[in-house]
Amino acid sequence: MRKLLSIILLGCLALSLVACGGAKKSKASESVETVKIAYLPITHSLAVLEEAKELEENENIQVELVKYGSWPELLDALNSGQVDGASVLIELAMKSKAEGIGIKAVALGHRDGNVIVVSNDVKDGADLKGRTIAIPHRQSSHNILVNDALTKNGLTIDDINVVELAPTEMPSALAAGTIDGYCVAEPFGAMGVSIGAGKVLYESNELWEDSVCCGLVLTDSFIESRPDVAKAYVEGYKKAGNDLSPEEAKKIAKEYLNQTDDVLDISLKWISYDDLEITEAMYEQLSEKVVDYGLLDNPPSYSEFVKNDF
């Protein structure tokens, strides 16, 4: 009888330990903070993708990546609070901010990384006159870079035919001769070069030093309701950019972008991800270009829109 009681007691003790262990695991899982970040599958988003990889083993913060197929879809998700943040064309985010949407730009998406690709028969910048040039969206750095190229050659936007076209369609449109050139997020410029449809007329740094294109933007509600998580996420994001070697960038790009080695080798020569802080000087230059080229009449000020104090 005494032996039977001992067995029962040991069994109860084992069950209680299992129960305690289960409760502890549940509590730990509940403490994990999830950050939802929207992105497009482009090389300009690689720092976002890299940080998500780095945080896979983190016990406190996890990133839920939400992929979109177009800027309007992504912007709708950001503006309506469906996500906590996004890697987005900064001019689109500036317009949303000017319209009263509660968002802040907290870092660059990348440095440089844009090119103007033209058909092989375009001789130089002056030869853009009368040509048809595609951009992905009027509110984009690609629009600004095309304007910069025209200004450099004594031309204006009225001297060319500008069309908005989906990035995925641009290389084939150039090959078919329906457009004479385009400026768009990578790797689509590299695709046009890779297939022999065109050549690089200008790299972004030749037209606009310290150009600002995509930015990491977070919603005010996320920043205000979970400030510690937002701070940790942004710090991790900047570190991921600084740590993103060309080899790792190509590895991440192959996993998420489904592009050939040839395309990625060309594209990744033009871009970097280190030092992703948005300085006041570069933002003021961006704002001037936004106004001068008619993208936006009332861009938000640096203090209203940019948050660097994480």
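Rules and cut-offs
- Residues numbered from 1 in each chain as written.
- Predicted model: local features only at pLDDT ≥ 70, side-chain atom pairs only at ≥ 80, totals over all residues.
- Heavy atoms only, no water.
- Pairing = 2+ DSSP bridges.
- Helix = DSSP H or I, 4+ residues; strand = E, 2+ residues; numbered from the N terminus.
- Axes fitted to C-alpha atoms, helices over the stretch in contact; angles between N-to-C directions.
- Buried < 20%, exposed > 50% of the residue type's maximum accessible area, 1.4 Å probe, protein only.
- Expected span 1.5 Å × (residues − 1).
- Arc of directions from axis to C-beta.
- pLDDT = per-residue confidence, 0-100.
- Contact = heavy atoms within 4.5 Å.
- Phe/Tyr/Trp six-rings, centres within 6.5 Å; stacked < 30°, edge-to-face > 60°.
- Lys NZ or Arg CZ within 6 Å of the ring centre and 35° of its normal.
- Salt bridge = Lys/Arg side-chain N within 4 Å of Asp/Glu carboxyl O.
- Right-handed = clockwise from strand over helix to strand, strands pointing away.

**Re the sheet that holds strand β10 (residues 198-203)**
- Read from one edge to the other, the open sheet built from 5 strands follows the order β8-β7-β9-β6-β10, with strand pairing classed as mixed. Where the open sheet ends on each side, the last strands, each with one partner, are β8 (161-164) and β10. Strand-to-strand twist across the sheet, computed as the mean angle between neighbouring axes with direction ignored, equals 25°.
- In terms of strand pairing, strand β7 (residues 132-135) meets strand β9 (residues 181-184) through 2 bridges, oriented parallel. Bridge assignment links A134 to a residue of β9, and that residue is Y182.

**Examining the pairing of β9**
- The side-chain alternation of β9 yields two buried faces, one formed by G181 and C183 and the other by Y182 and V184.
- Across 4 bridges, strand β6 (residues 115-119) lies against β9 in antiparallel orientation. Across the sheet, residue I116 finds its bridge partner in β9, namely C183.

**Points about helix α5 (residues 141-152)**
- The first and last C-alpha atoms of α5 sit 16 Å apart over 12 residues, in line with the 16 Å expected at 1.5 Å per residue.
- For α5, the full list of buried residues reads S141, H142, N143, I144, L145, V146, N147, D148, A149 and L150.
- G154 lies just past α5 and shows a positive phi near 70°.

**Details of unusual backbone geometry**
- Across the junction of E186 and P187, the peptide omega takes the value 20°, indicating a cis bond.
- With respect to the secondary-structure elements, P187 resides in the loop between β9 and α7 (188-194).
- Although it is not a glycine, D112 sits at a positive phi angle of roughly 55°.
- Along the chain, the position of D112 falls in strand β5 (residues 111-112).
- Positive phi, close to 55°, is recorded for D275, a residue that is not glycine.

**Quick word on helix α10 (residues 227-243)**
- With 17 residues, α10 should reach 24 Å at 1.5 Å per residue; the first-to-last C-alpha distance of 24 Å fits that figure.
- Buried residues of α10: V229, A230, Y233, V234, Y237, A240 and G241, and no others. Buried residues of α10 fall within an arc of 130° about the axis and therefore sit on the same side.

**With respect to the confidence of the model for the chain**
- Per-chain confidence: the chain averages 90 in pLDDT, with 90% of residues scoring 70 or above.
- Contacts of residues 1-29 to residues separated by more than four positions or lying in other chains number 0 contacts, the stretch itself having pLDDT below 50.

**Brief notes about the packing of aromatic side chains**
- Within the structure shown, the criterion is met by 3 aromatic pairs.
- With centroids separated by 6.5 Å and ring planes inclined at 90°, the aromatic side chains of Y39 and Y256 adopt a geometry described as edge-to-face. Here Y39 is found in strand β1 (residues 33-39), whereas its partner Y256 is found in helix α11 (residues 246-257), with 217 residues between them in sequence.
- On the basis of relative accessibility, which here comes to 6%, the residue Y39 falls in the buried class.
- Within the aromatic cluster, the residues linked to one another by ring pairs are Y283, Y302 and F305.
- Over the ring of W208 we find K289; its NZ or CZ atom is 5.2 Å from the centre of that ring.
- The residue whose ring lies beneath K307 is F310, and the NZ or CZ to ring-centre distance is 5.1 Å.

**A short note on the pattern of salt bridges**
- Across all of its chains, the model carries 18 salt bridges by this definition.
- Note that K95 is salt-bridged to E99, the shortest N-O span being 2.6 Å.
- The class of K95 is partly exposed, set by a relative accessible area of 29%.
- K123 is paired through a salt bridge with D127; the nearest N and O atoms lie 3.9 Å apart.
- Overall, K123 belongs to the exposed group, its relative accessible area being 67%.
- Looking at D127, the relative accessible area reads 18%, which means it is buried.
- Here the salt bridges do not stand alone but share partners, grouping D121, K123, D127, R131 and D180 into one network.

**Some thoughts on the pairing of strand β2 (residues 61-67)**
- Bridging between β1 and β2 involves 7 bridges; their strand directions are parallel. Residue pairing for β2: T34 is matched across the bridge by Q62.
- Regarding the hand of the β-α-β motif, the stretch spanning β1, helix α2 (residues 46-54) and β2 is right-handed.

**Points about the sheet that holds strand β11 (residues 214-219)**
- Read from one edge to the other, the open sheet built from 5 strands follows the order β2-β1-β3-β11-β4, with strand pairing classed as mixed. Sheet topology places β2 and β4 (103-108) at the edges, where each strand pairs with a single neighbour. This sheet shows a mean twist of 30° between the axes of neighbouring strands, independent of strand direction.
- Strand direction decides the pairing type here: β1 and strand β3 (residues 85-89), joined by 2 bridges, are parallel. Across the sheet, residue I37 finds its bridge partner in β3, namely G85.

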